[in-house]
Amino acid sequence: MLQPHALDITHLQRLATRLFTDGQYTDADMVLAELATLSEQERAQIALRRAQIGMLSDRMADVQEQLDIARNEYGSHVYFVGLEADMAVRSGDLASAAAALYRLGRHARAAHLEGFDGHWYQVDELAALPVEWDDQHALPLFDVSVNGHSGRFVLDTGTGDCLLDSRFAQRAGVEPGHHDQARYAGGLAGHWQLAHIDSLDIGGSRFARLPGMIAPLTHAFHHGFEDTRVDGIVGAGLLRAAGGIDIEYQANRFRLGRPAGADEGEGEPLWIAGPHYPLTPCRANAGPASSWFIDSGMSGMDLACSGSAAKRHGALPLSGDIKGHGGGGQLAAQAVRIRHFQHADLDYPELPAAVLPDFSLGRELGIRIGGIIGHNWLARHRVQLDYRAMRTRIQLPE
């Protein structure tokens, strides 16, 4: 039997790294699968990378298989335990998720999950009728009922679990629990209290036993909502539970559930990074494809990225700053120009972008992030996120 040549293994390693860095995760996984058959001594390390790709593509059975391969060598490693926790959360295995989170020292989140007694994100009904919104503000504003109490919410794919304003939560009888914190995608620090939402209705769609967060939202939404209030945020966790969303920005409406009328393989890949961040491949200035974060809650900006990503994209500086707003409040950033921005067949020349000084999402997630696609760009299109087929379809309105 012929032994694999060391140069062949080195070539495959470099190819897998290149593909993964460029966000071509499916191709990277195929190369890694071949590499695992050639290099027994690196099999556990390869399995960890393949588990990460399984998380990105939301294939929990594949993640479990790869973690089992890597367990003997890496089972006590923080990164391994973090993957176990994320896998268990996505799978709805809340007891295992809590146990892993306790090992990581994330006691507040672990205790929060234990409170659901193994059952959450219950979808009682998905309505076929669209949810219409008010387009007079910086972001779409629509009606949501929490525990029978009506409120005005925005849709933010950059937020995970639903987030309630402190005053609205009190009116709706949602009790604040353990304190928790993290960074918003734009880099600002966030602090909130974890909560259980008994019921939440959007249009005719009904959900129960939802994880939630509670924090004051007045500061985050003071710009563009001066004549009204924002009572809460519908996050990406609910969209995944519903199977997807079809957002028709020009018609001021969306539908929850798997988008209808598209073939299974149509569109571009949809990836989930970390707990909830939806990613899709795009190109800037005809460079290699990279993963861009779809953030429907970042208003005032078409695109945003880190300083290092701006250099990779060949972005050209503009005079002045760009001001936008996200879940953490106002974002002030250096303005640059991206000569071409492409997603699938869409090609936009001369787009303004913002260089966010504290944008570190890619480093936190362990993948290269091309940047953020904000509300201003998304609002020109019809946006479909299909969490069952893991596909993104973004088109100009008919």
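Just above, that's the structure.
Residues numbered from 1 in each chain as written. Predicted model: local features only at pLDDT ≥ 70, side-chain atom pairs only at ≥ 80, totals over all residues. Heavy atoms only, no water.

Novice: Where do I start with unusual backbone geometry in this structure?
Specialist: The backbone phi angle of R209 is positive, close to 55°, even though this residue is not glycine. Note on placement: R209 falls in strand β8 (residues 205-215). For R209, a relative accessible area of 30% corresponds to the partly exposed category. Unusually for a residue other than glycine, A286 sits at a positive phi of about 60°. Exposure remark for A286: the relative accessible area of 65% places this residue in the exposed category. (Helix = DSSP H or I, 4+ residues; strand = E, 2+ residues; numbered from the N terminus. Buried < 20%, exposed > 50% of the residue type's maximum accessible area, 1.4 Å probe, protein only.)

Novice: Where do I start with empty space enclosed by the protein in this structure?
Specialist: Picture a little ball the size of a water molecule; that probe, rolled over the atoms, points out where space is still empty. Under the definition given, this model contains five cavities of 30 Å³ or more. Of the pockets and cavities examined, the second largest cavity occupies roughly 50 Å³. Together, W133, L139, P140, F142, L155, I247, Y249, F254 and S296 line the second largest cavity. Per-class residue counts for the lining of the second largest cavity are eight nonpolar, one polar and no charged. (1 Å grid on protein atoms, 1.4 Å probe; cavity = no way out; pocket = protein on both sides within 12 Å on 5 of 7 lines; lining within 4 Å. Points joined across faces, edges and corners; volume = space filled by probe spheres on them. Nonpolar A, V, L, I, M, F, W, Y, C, P; charged D, E, K, R; others polar.)

Novice: So what exactly am I meant to see when it comes to helix α4 (residues 60-74) here?
Specialist: Of all the bends found along α4, the most pronounced is centred on D68 and spans about 35°. The set of residues buried in α4 consists of M60, V63, Q66, L67, A70 and Y74. In this structure, the buried side of α4 is in contact with α3 (43-56) and α5 (78-91). (Bend = angle between axes of the 7 residues up to and from the residue. Contact = heavy atoms within 4.5 Å.)

Novice: Can you help me understand the nonpolar core in this one?
Specialist: F142, V146, L200, I202 and L238 are the most contacted members of the largest nonpolar core, which totals 70 residues. What L238 contacts, discounting residues up to four positions off in sequence, is Y121, G160, C162, L200, I202, F207, L210 and L256. Ranked by size, the runner-up nonpolar core spans 34 residues in total, among them L32, L35, L56 and I372. (Core = buried A, V, L, I, M, F, W, Y, C linked by side-chain atoms within 4.5 Å.)

Novice: Would you mind showing me how to read the side chain of N285 here?
Specialist: Its place among the elements puts N285 in the loop between β14 (277-284) and β15 (290-294). For N285, the contacting residues outside a window of four places in its chain are H313, G314, A315, I338, R339 and H340.

From the geometry alone we can't say anything about function, so treat these as descriptive.
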